[in-house]
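Geometric and topological summary
One-letter residues, chain by chain:
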Amino acid sequence: MRLSPLVLAAAAASVLAVGAARAEPRGDRPFHITLTGEGVATAAPDIAVITTGVVTRAANAGEALKANAEAMTKVIAALKDAKIAEKDFGTSGLTVQPQYDYSDGRAPTLTGYEVRNAVTIRAREIDRLGGLLDTLVAAGSNQIDGLAFEVSNSDAKLDEARRAAVADAKRKAELYAASAGVTLGKVESIEENETQQASPRPLTLRMQAKDASAPTPIVRGEQEMRVEVRVRWAIQP
């Protein structure tokens, strides 16, 4: 079989390319050092996110829904009286579910209906949070699912943690380079791992009467924002 001049030329070029790649001196490749740094920034949260609402039960769905609407109307009115801006609260759940009796191994028996209506609130005055919760309970709220704290300027705090993480990685790199007797060169890559923030804090609230002597105590504490970075430097002997 006779090959055309074009095919022969392409084959010759491929052989030369492979030969050139194999002939590349490995000693010219730079050395690297890669280290991980961690940065932490703390801040006192200034926003509380609360999910609260009303649970009602009745023999039929219409009665349960009516009772729930009446109670929830009072809760919403209490929010407005407490000067919570309308942009800071809204309905986050509404369910109507049949209730059954499964006791004594019998076939399920319908016993009534349950209605749950929940509203999520962003409270911006944490110092008044305990009193607000008591007010909502007094107005008819009988379900509080949880409480989470947020930091409004979290981006600025995360940037603070990022700077600290890079500085931590650099400190380690300089230590290793000096110990190994090499020179730390320029940064070649920086990778940020997923940031970690404090988890929402659950809230267990004891129902209190209107004339309670003190509001429900709420302690906001501090939140930690963590950033981890992976940095690679070139190093030279």
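Residues numbered from 1 in each chain as written. Predicted model: local features only at pLDDT ≥ 70, side-chain atom pairs only at ≥ 80, totals over all residues. Heavy atoms only, no water.

Under an unreviewed UniProt entry, the protein has the name SIMPL domain-containing protein and belongs to Methylopila musalis.

This part covers the overall build of the protein. Within the protein, the secondary structure is distributed over four helices and eight strands. Reading the protein from its N end, one meets helices and strands in the order α-β-β-α-β-β-α-β-α-β-β-β. Relative to its 237 residues, the protein shows a buried fraction of 30%. If you take every contact in the protein between residues at least 6 apart in sequence, the share linking residues at least 24 apart comes to 83%. Carbon and sulfur atoms provide 52% of the accessible area of the protein, an area that totals close to 15,200 Å². (Helix = DSSP H or I, 4+ residues; strand = E, 2+ residues; numbered from the N terminus. Buried < 20%, exposed > 50% of the residue type's maximum accessible area, 1.4 Å probe, protein only. Contact = heavy atoms within 4.5 Å. Areas by Shrake-Rupley, 256 points an atom, 1.4 Å probe, with all protein chains shown as cover.)

In terms of nonpolar packing, the biggest core is built from 24 residues, with L129 and L132 touching the most fellow members. Elements that contribute at least two residues to this core include exactly strand 2 (47-58), helix 2 (61-81), strand 4 (109-123), helix 3 (129-139) and strand 5 (143-150). The element that contributes the greatest number of residues to this core is helix 3, accounting for six residues. Ignoring anything within four residues of it in the chain, the contact list for L132 reads L79, A82, I84 and A123. If you look at the next biggest cluster of nonpolar residues, it comprises 16 residues, including A165, A173, M225 and W233. (Core = buried A, V, L, I, M, F, W, Y, C linked by side-chain atoms within 4.5 Å.)

Following both chains from N to C, one finds helix 2 and helix 3 inclined at 150 degrees, their axes separated by 8 Å at the closest point. When the axes of helix 2 and helix 3 are compared, the pair comes out roughly antiparallel. As for how helix 2 packs across helix 3, the hand of that crossing is right-handed. Two secondary-structure elements touch here, helix 2 through A71, K74, V75, A78 and L79 and helix 3 through L132, T135, L136 and A139. (Axes fitted to C-alpha atoms, helices over the stretch in contact; angles between N-to-C directions. Parallel < 35°, antiparallel > 145°, perpendicular 65-115°, else oblique. Left-handed = near helix turned anticlockwise from the far one by under 90°.)

Note that L110 resides in strand 4. In this structure, the C-alpha to C-alpha distance between L110 and N60, residues 50 residues apart in sequence, is 10.0 Å. Those residues in contact with L110, other than ones at most four positions away along the chain, are P98, Q99 and Y100.

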